[in-house]
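Listed below, chain by chain, are the residues.
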Amino acid sequence: MNFEAVIGLEIHVEMKTRSKMFSASPNSFSRKPNSEVTVFDMAFPGTMPRLNKEAVRMAIRVANALHMKIDHELHFDRKNYFYPDLPKGFQITQQRRPIGSDGYLEIRKNGAKKKIGIERIHMEEDTCKQTHFVDYTLLDYNRAGVPLVEIVSRPEMHDGYEAMKYVEAIRNIVVYSGTSDGKMEEGSLRCDVNISLRPFGQKEFGTKVEIKNLNSLKNIQEAIEFERERQSALLLKGEKIRQETRRYDESRGETVLMRVKTDAVDYKYFPEPNIVPVKLSDEFVEDAIATCPELYDSKFERYLALGLAEKDAEIILSSPDMAAYFEGTLPSGCEAKEAANFLITEINSYLNKKGIAIGELGFDPLELGKITLLGKKEKLTHRQCADILFKCLDDHCSIDVAKKELHIEAMVDDEGAILSFVTAALDANPQSIADYKAGKERAISYLVGQVMKLSKGKAKPSAVMAKLREELAKR
Amino acid sequence: MNYLDMDILSLHEALVEKKTTPLELCKEAIRRAKENDCNAFEKILEEEALKEAEQLVEPEKDNVLWGIPYLAKDNFSTKGIETTASSNVLKGYVPLFDAEVIARLKERKCVLIAKTSLDELAMGGTGTTSHIGMTYNPYDPSHERMVGGSSSGSAAALASGIGSFALGSDTGDSVRKPASFAGLVGMKPSWGRISRFGLFPFAPSLDHVGYFTRDVASSAVLLSFLAGRDDKDMTSSYRPVEDYASYLDKGISGVRVCYFSEIVSSLKDETMKEKFLSSLEELKKRGAIVEEVSFGLDLLKAVYPAYMVISCAEATSNDANLDGIKFGPYYDGKNYEEAMSKARTAGFSELIKRRFVIGSYCLMAENQEELFLRAQRLRHMIVDRLSEIYQNHDIVYLPAAPSIAPRFVDASDKLSAEYLIDDNHLALGNFAGLPSITVPLAFESGMPLGVNAMARAYEEGPLFAFAKALEEISGLSGLSVMNKKEGKL
């Protein structure tokens, strides 16, 4: 590659507040179109915006997690344009004074940390959802007014991997701070990529191309790599890059032209007159930060300290529900690593088999912790513990009932008890003793089987073997 | 005199003593409304009002607004009642909710008699641009003179004795100017004092809910019920609401009053000038300290252009929702753009379109600095100048208009190269959000002349005390065409 790619990202995140950004309409992502709409969302004359405090709190948390300067005075502006998805004919946003500015986040690349600068984070309201058909378009006003934060990075990324890691880090922050579902495939986290190429060492930016419709981390990385190659090939042929908007076609693995950008739209911004600047007290800002749920990075470090492998910590943290479940096992006093193993292996396979999410498991994580403790406490094998777990999951029964129904009892490794089984077995099988003495190793296997039979399977096999050899030597 | 012509407190007394009933008042108001020929109404709510009035049987002694008939400008959202702001673009629009002021009056059991006409979408000051045509001044039976606007129907109807008060809205002078032309008390309190929720916006940074009464006391009584925080309007104030009527008899002794030399000297109407100057003498007799102050001619000349730029810019954005898609007449088209264009082309009059073009032009990126931002800076300078003046004075007192109501043939809403500083200064109160009240001063050729007083923000109380003194000086309390008076000046 002869060119350096310069990449900046704009990420829109839908916040999961109880009500919308500027109206009292519920914000519960109902699937039934146009069921969560107030007169404000439809821009009926005389309706006025009411700022959602919860959204401000969430935006502060995200801004803080991104090491941003937080503006203690909120200003809002109108962005004016006509579009069918914009009922008021303008969007209320924060053009002049975003709530957060000048921050960064860290990604890991080749084992080293890299800082990516973030220019701004601001609050705004979402538009209607449009569904296009051949000769008509349907509008769903449920989405009109859903609170958004927009996070604008500096153009400081240089390949698809970095961009993907950056989006992943943002997603982790918004998900773990409780701000958003962060589901790219459902549009609750939307990412637009700006990418330009320039010869290495050149200061000026090349012509910028925008890529939209990126609905997974994988697509972001692939789209950028494709675009790098496309633009690079054009430049090598001596052609110019057009300023255009493209979308990623997942099936072809290519970016496709949507439209060539002409002059930028003039949004005729001006201050929103119905929201006078809102002063945020230090207490409000501090409280929002202090009450922020524990974020991904902190949990990750903590899990490692609990003895989890990096890989396991990542798997558990890939879903906040899984992480919550994992943390729910710990008060049982179980080994974190043990609980993690059960969660990653047994619980996950069970979920896959049933096709359900961990939230639908209906099994108290504390109980899982207790099951893992049985290994040590009652000297059960991993297999036995797993059987108890599956029984509990299937039958919604208690651990004791599961144990009873599965006839699982603790292994006997008490020396006296094993000795008595061993003695009884030896006494009953003089021929086997003779065979053993004659060098037939197979005879000892038979004797182990006899001991297990006598102990009804409860004797610990390794202890039995040791004791047998010891006693055989004496005879 | 009919009970309907009384001030609110006297009428309340009569209602409590059962000398009259809400139903009788309602019937009389509707009778007068139907007879009225000023073209003041979008809709007379005969059925609704009578139904409501019928249910008001047992007087509520502690509720001075019980059974009081009133009018509302048709840019206040009224649940279940078509509200068009006198624009074709909203024809057939029936709101799903009441404006906050309408809801408060409903709760007090006031009876809404009619929705009144206005200059389309409250833009304009002539009362000539409603989709139902011109509104006439009831003091001029020849119908040659305007009543002013944009709250034209409310002014014309209240001056015709229909109801006890009328709601209006005031973005530049839309209550206080027509009040002057119709011999009424027109009040616009501080910005944020009355919730604007449900008022169709024109330019929210300048918009105020205002109202007309026929006497100062009624105006003071009303404000105590209309004012107060409303969570639905984030700009409404948390400041406690006062008993404004308690200020009425405080007098004006020691009150520092000023008038602007530039405006008074530019008056061409000698009667206006003479009556205004003699009122100054009367104010002094009552103990007021009256001083002439120069505001600054350049700043006064900037008022109207700055007002036009800011108000048109905000209006073009506020009215972007009127696209015929969600409400109002729908026009089919092959796509959204076409449907919207058709609705807006057919729905707005030329004057409105011109204002949208001006507003949009001022907001364009390449023009913002020179026009919109410059107008904002001018607004700040003007507000700063007012603050300076209020350091040494309590009340700014001026003629509300240069003269009596103009003839339609002499008036135009078009921008003029001539700066009419004495015709546009009321917008100062909108720029700074100050409480401002117009009261009748005298008559000239049978037409009323009004004066205006403006106080510091949230000093509505002292403003009412001053207005009360003016009312005593003029002797024009309870004025209407049903109850004509000569006046003392």
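Please read all numbers here as calculations on a predicted model, not as lab measurements. (Residues numbered from 1 in each chain as written. Chains lettered and ligands numbered in written order. Predicted model: local features only at pLDDT ≥ 70, side-chain atom pairs only at ≥ 80, totals over all residues.)

## With respect to the overall build of chain B
Then, in step 1: Check the secondary structure of chain B and you find 16 helices and eleven strands.
Then, in step 2: In summary, chain B has a C-alpha radius of gyration of 21 Å against a globular reference of 23 Å for 489 residues, a match within 12%.
Then, in step 3: For chain B, the spread of C-alpha atoms along the principal axes amounts to about 70 × 55 × 45 Å.
Then, in step 4: The proportion of buried residues among the 489 residues of chain B is 59%. (Helix = DSSP H or I, 4+ residues; strand = E, 2+ residues; numbered from the N terminus. Rg over C-alpha atoms; globule rule 2.2 N^0.38 Å. Buried ≥ 20, exposed ≤ 12 C-beta atoms within 10 Å, placed from the backbone.)

## Topic: the domain arrangement of chain A
All names here are of chain A.
Then, in step 1: Once the domains are mapped, chain A shows domain 1 (3-279), domain 2 (294-405) and domain 3 (415-474).
Then, in step 2: Spacing between the C-alpha centres of domain 1 and domain 2 amounts to 37 Å.
Then, in step 3: Each partner contributes residues to the interface: domain 1 has six residues there, and domain 2 has four residues.
Then, in step 4: In terms of residue count, helix α2 (residues 160-176) provides more of the side of domain 1 that touches domain 2 than any other element does, four residues in total.
Then, in step 5: The residue inventory of the side of domain 1 that touches domain 2, partitioned by class, reads four nonpolar, two polar and no charged. (Domains from an automatic or database assignment. Contact = placed C-beta atoms within 7 Å. Nonpolar A, V, L, I, M, F, W, Y, C, P; charged D, E, K, R; others polar.)

## Some words on the sheet that holds strand β15 (residues 270-271) of chain A
Residue and element names in this part refer to chain A.
Then, in step 1: What the three strands build is an open sheet, ordered β5-β4-β15; its pairing is antiparallel. Where the open sheet ends on each side, the last strands, each with one partner, are β5 (90-93) and β15.
Then, in step 2: Sheet analysis places strand β4 (residues 77-80) next to β5, joined by four bridges and oriented antiparallel. Bridged to N80 within β5 is F90. (Pairing = 2+ DSSP bridges.)

## Brief notes about the interface of chain A and chain B
As a measure of interface size, the accessible area lost when the parts come together is often cited.
Then, in step 1: The partner chain B presents 32 residues to the 25 residues of chain A that form the contact.
Then, in step 2: Looking at side-chain class alone, the side of chain A that touches chain B contains 16 nonpolar, four polar and five charged residues.

## Thoughts on unusual backbone geometry
All names here are of chain B.
Then, in step 1: A cis amide bond links G149 with the next residue in sequence, S150, at an omega value of 10°.
Then, in step 2: The backbone of K109 shows a phi angle near 70°, a positive value even though the residue is not glycine.
Then, in step 3: Here K109 shows up in the loop between α4 (100-107) and β3 (111-116).
Then, in step 4: Taking the number of C-beta atoms within 10 Å as the measure of exposure, K109 has 17 and is therefore partly exposed.

## A closer look at the packing of helix α8 (residues 336-354) of chain A against helix α10 (residues 382-395) of chain A
Residues and elements named next belong to chain A.
Then, in step 1: At a minimum axis distance of 11 Å, the contact between α8 and α10 shows a crossing angle of 40°. Here α8 lies oblique to α10, going by the angle between them. For the element pair α8 and α10, the recorded crossing hand is right-handed. In contact with F342, E346 and Y350 of α8, α10 contributes A386, L389, F390 and L393.
Then, in step 2: Class assignment of the residues belonging to the contact of α8 with α10 gives a composition of six nonpolar, no polar and one charged. (Axes fitted to C-alpha atoms, helices over the stretch in contact; angles between N-to-C directions. Parallel < 35°, antiparallel > 145°, perpendicular 65-115°, else oblique. Left-handed = near helix turned anticlockwise from the far one by under 90°.)

## So, helix α6 (residues 310-317) of chain A
Residues and elements named next belong to chain A.
Then, in step 1: Of all the positions in α6, only A313, I316 and L317 are classed as buried. The buried residues of α6 occupy an angular sector of 95° when projected down its axis, which confines them to one face.
Then, in step 2: Contacts from the buried residues of α6 go to α5 (296-305), α7 (320-329) and α8. (Arc of directions from axis to C-beta.)

## Observations regarding the pairing of strand β7 (residues 112-125) of chain A
All names here are of chain A.
Then, in step 1: In the sheet, strand β6 (residues 100-109) pairs with β7 via nine bridges, with the strands oriented antiparallel. The residue of β7 that forms the bridge with R108 is K113.
Then, in step 2: Taken together, β6 and the strand that follows it, β7, pair antiparallel across an intervening segment of two residues, in which N110 is found at a positive phi of about 50°.
Then, in step 3: Pairing of β7 with strand β10 (residues 147-153) involves seven bridges; the strand directions are antiparallel. Each residue of the ladder has a partner; that of R120, found in β10, is V152.

## Some words on the sheet that holds β7(A)
To summarise the sheet geometry, strands pair through backbone hydrogen bonds and adopt either a parallel or an antiparallel arrangement.
Residues and elements named next belong to chain A.
Then, in step 1: Across the sheet, which stays open at both edges, the nine strands sit in the order β2-β6-β7-β10-β1-β11-β12-β13-β14 with mixed pairing between neighbours. Looking at strand neighbours, the two that pair on one side only are β2 (69-70) and β14 (254-260), the edges of this open sheet.
Then, in step 2: In this sheet, strand β13 (residues 244-249) lies alongside strand β12 (residues 209-214) in parallel orientation, the contact comprising three bridges. Each residue of the ladder has a partner; that of K212, found in β13, is R247.

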